[in-house]
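# Tertiary structure, described
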Amino acid sequence: MKIIYMGTPDFAVPSLEALYQAGHEICYVVTQPDAVRDRGKKVKFSPVKEKALSLGLAVLQPVKVKGNEELFGILREAKPDLIAVAAYGQILPKEILDIPVYGCVNVHGSLLPRFRGAAPIQRAIMAGDTETGVTIMYMEEGLDTGDMLAKTVVPIGRKTGQQLHDELAAAGAELLVDTILKLPSITGEKQRDEESTYAPMISKKEGHIDFSKTPKEIERMVRAFDPWPGTYFYYGGKMIKVHAAEEAAENSSAAFGTVIGFSAQGLDIAAGGGVLRVTKIQVPGKKRVEIKEYLKGNSIEIGTVLG
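All figures in this text were calculated on a predicted structure; none of them were measured in a lab. (Residues numbered from 1 in each chain as written. Predicted model: local features only at pLDDT ≥ 70, side-chain atom pairs only at ≥ 80, totals over all residues. Heavy atoms only, no water.)

Bringing the overall build of the chain into the picture now. Of regular secondary structure, the chain possesses eight helices and 17 strands. By its C-alpha atoms, the chain is 70 × 50 × 35 Å across when sized along the principal axes. Per-residue burial for the chain yields a buried fraction of 48% across its 307 residues. Across the chain, the fraction of contacts at a sequence separation of at least 24, relative to all contacts at a separation of at least 6, is 65%. (Helix = DSSP H or I, 4+ residues; strand = E, 2+ residues; numbered from the N terminus. Buried < 20%, exposed > 50% of the residue type's maximum accessible area, 1.4 Å probe, protein only. Contact = heavy atoms within 4.5 Å.)

The following block contains the structure:
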C-alpha cells in the first residue's frame, strides 16, 4: 500500500519500522516540529523523525494541521491508500481524514473503549487493571471514538510504565501490519460509548505522592510513572524520588506520611491506613539506590512526617 505515516514519540517508532520492513511505500512521514532547548542552542528531533531519516524517508513537520491548506495539498497530491497514525500529537481534521482511499487508522495503547485519551498506558496501571492491550481503529473527528478493527491483549502484572510502553509499542506494530493486510475486507466494530473511560494527559505534579492514598494505589503510581514524570516526596526541603515501592504487611494508625520504620528492607511510611515500603530512592544529584545502600551514611528519623 501507499501510506502516509504520522507519529512522534518512541511509541510510534516500531510501527513505522514495521510498515517499512513489510514493503509498504511510505511517501511521507509527518511528525511534530523539532524541539528547541537551551535557549535555541540545541535542536532535538522526534524519535519518529530520527527513524524516518535513517530509513531515507521524506519528513513533514507542520506546526499545526488544522486549517493548513499547504499540508492538505501535499497529502492529497501523494494520493495515499492509507494514513497510519500512532501518537502523532494533534487531532486530525476532516480534510485529512477524507484523503486516503482506506481512511486513517490509529494505533492506540489500550483496549478501547477503555482509556481513550493521551495516557492510556499509565492510567491502566494506576487503575489496577490486570490487562491492557492495543487497538487498531478507524479515525474520526472524535477523540479515539472510531470503529475498532483489531485488538491484542497484553497482561500488566507488575510492569512499569516503560516496560508496558515498550511491549505495547511492539505489539501495536505487529498488529498494524497484520490489520493492513486485511483492510480491504475487514469490517469495523463500533465502540460502546457508555463503556468508555478517559485517560487524561499526565502532569509532572501528579508524581507528588499523596500519602492519604492506599499503599496499593501509591505502588501502582510508582510503576505507572516510571520513567516520567516519576514519583516523589519531600524530606528536609529536598525532593526524594521513589523508584520502587511495595505494600508492607503491617497496618498503621499513624498520620499519613509518617516514617514508622527505616531499615535495610525499606523505608516504611504510613499511608492510607496501611504501610508503604519504599525500597529504591534517588536524592538530588545522586543515582537511584536501594534503601540498604542509602543507609550507608544516611538516616531518616522515625516519626518524621514526609511532605
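Glancing now at the side chain of asparagine 68. Looking at the secondary structure, you find asparagine 68 in the loop between β5 (59-60) and α3 (69-78). Within polar-contact distance, the side chain of asparagine 68 engages the backbone oxygen of lysine 64 at 2.9 Å. (Polar contact = N/O pair within 3.5 Å; in protein donor to acceptor, adjacent residues only side chain to side chain.)

Walk down a regular strand and you will see the side chains alternate between the two sheet faces. Most of strand β1 (residues 2-7) is tucked away: five of the six residues are buried. Here β1 pairs with strand β2 (residues 25-30) via five bridges, running parallel. Looking at the pairing, methionine 6 lines up with valine 30 of β2. In this view, the connection linking β1 to its parallel neighbour β2 by way of helix α1 (residues 13-21) has right-handed handedness. Looking at chain direction, β1 and strand β6 (residues 82-86) are connected through five bridges and run parallel. Paired with methionine 6 across the bridge in β6 is valine 85. (Pairing = 2+ DSSP bridges. Right-handed = clockwise from strand over helix to strand, strands pointing away.)

Turning our eyes to something else, we now look at a negative patch on the surface. A cluster of like negative charges, contributed by Glu69, Glu95, Glu140 and Glu141, occupies part of the molecular surface. Note that glutamate 141 resides in the loop between β9 (131-138) and β10 (148-155). Among the residues examined, glutamate 141 registers a relative accessible area of 54% and is labelled exposed. (Patch = residues over 30% accessible without salt bridge, like charges linked within 9 Å, V, L, I, M, F, W, Y side chains within 5 Å. Areas by Shrake-Rupley, 256 points an atom, 1.4 Å probe, with all protein chains shown as cover. Salt bridge = Lys/Arg side-chain N within 4 Å of Asp/Glu carboxyl O. Lys, Arg positive; Asp, Glu negative; His and termini not counted. Charge placed at Lys NZ, Arg CZ, Asp CG, Glu CD.)

For the rest of this paragraph, the subject is the environment of glycine 128. By secondary structure assignment, the location of glycine 128 is in the loop between α5 (120-126) and β9. Sequence separation between glycine 128 and proline 14 is 114 residues, and the spatial gap between their C-alpha atoms is 27 Å.

Sheet architecture is open: seven strands sit in the order β5-β2-β1-β6-β7-β9-β10, paired in mixed fashion. Only two strands of the sheet have a single neighbouring strand rather than two, namely β5 and β10. Sheet contacts for α3: β1, β2 and β5; angle to β2, the most-contacted strand, approximately 170 degrees. (Axes fitted to C-alpha atoms, helices over the stretch in contact; angles between N-to-C directions.)

So, on to the packing of α1 against helix α6 (residues 161-182). Helices that pack against each other are described as a pair by the angle of their axes relative to one another and the distance between those axes. Orientation of α1 relative to α6, taken along the N-to-C sense of each, is 35 degrees, at an axis distance of 8 Å. Crossing hand, α1 versus α6: right-handed. Mapping the contact onto sequence places Pro14, Ser15, Ala18 and Leu19 in α1 and Ala169, Ala170, Gly172, Ala173, Leu176, Val177 and Ile180 in α6. Considered class by class, the residues forming the contact of α1 with α6 number nine nonpolar, two polar and no charged. (Left-handed = near helix turned anticlockwise from the far one by under 90°. Nonpolar A, V, L, I, M, F, W, Y, C, P; charged D, E, K, R; others polar.)

Let us now look at the environment of phenylalanine 233. Note on placement: phenylalanine 233 falls in strand β12 (residues 231-235). For phenylalanine 233, a relative accessible area of 0% puts it in the buried group. Apart from the residues within four sequence positions on either side, phenylalanine 233 is in contact with His208, Ile209, Phe211, Lys238, Met239, Ile240, Val242, Leu267, Ile269, Leu306 and Gly307.

Another aspect to go through is the layout of surface pockets. The space that makes up the largest pocket amounts to roughly 1500 Å³. Residue lining of the largest pocket: 46 residues in total, with Pro9, Ala87, Tyr88, Gly89 and Ala118 positioned closest to the centre. Secondary structure elements with two or more residues in the lining of the largest pocket: β3 (35-37), β7 (104-108), α5 and α6. Going through the elements one at a time, β12 and β13 (238-251) are the ones with two or more residues in the lining of the second largest pocket. Along the lines of polarity and charge, the residues of the lining of the second largest pocket split into eight nonpolar, four polar and four charged. (1 Å grid on protein atoms, 1.4 Å probe; cavity = no way out; pocket = protein on both sides within 12 Å on 5 of 7 lines; lining within 4 Å. Points joined across faces, edges and corners; volume = space filled by probe spheres on them.)

Here we come to the packing of aromatic side chains. Aromatic ring pairs are defined here through the distance separating the ring centres and the angle between the ring planes. Under the definition given, this model contains three aromatic pairs. Arranged with centres 5.8 Å apart and planes meeting at 80 degrees, the rings of tyrosine 232 and tyrosine 234 form a pair that is edge-to-face. Given a relative accessible area of 9%, tyrosine 232 falls into the buried group. Residue classification places tyrosine 234 among the partly exposed positions, given a relative accessible area of 32%. Just above the ring of phenylalanine 45 sits the side chain of lysine 49; from NZ or CZ to the centre is 3.7 Å. (Phe/Tyr/Trp six-rings, centres within 6.5 Å; stacked < 30°, edge-to-face > 60°. Lys NZ or Arg CZ within 6 Å of the ring centre and 35° of its normal.)

You can see histidine 165 is positioned in helix α6. At 3.4 Å, the side chain of histidine 165 and the backbone nitrogen of phenylalanine 11 are in polar contact. Apart from the residues within four sequence positions on either side, histidine 165 is in contact with Asp10, Phe11 and Ile121.

Attention now moves to the nonpolar core. One finds Tyr5, Leu19, Ile136, Phe211, Phe233 and Leu267 to be the most contacted residues of the largest nonpolar core, which totals 63 residues. With near-sequence residues (within four places) excluded, leucine 267 lies in contact with Phe233, Val259, Gly261, Phe262, Leu276, Arg277, Val278, Ile291, Ile300 and Leu306. (Core = buried A, V, L, I, M, F, W, Y, C linked by side-chain atoms within 4.5 Å.)

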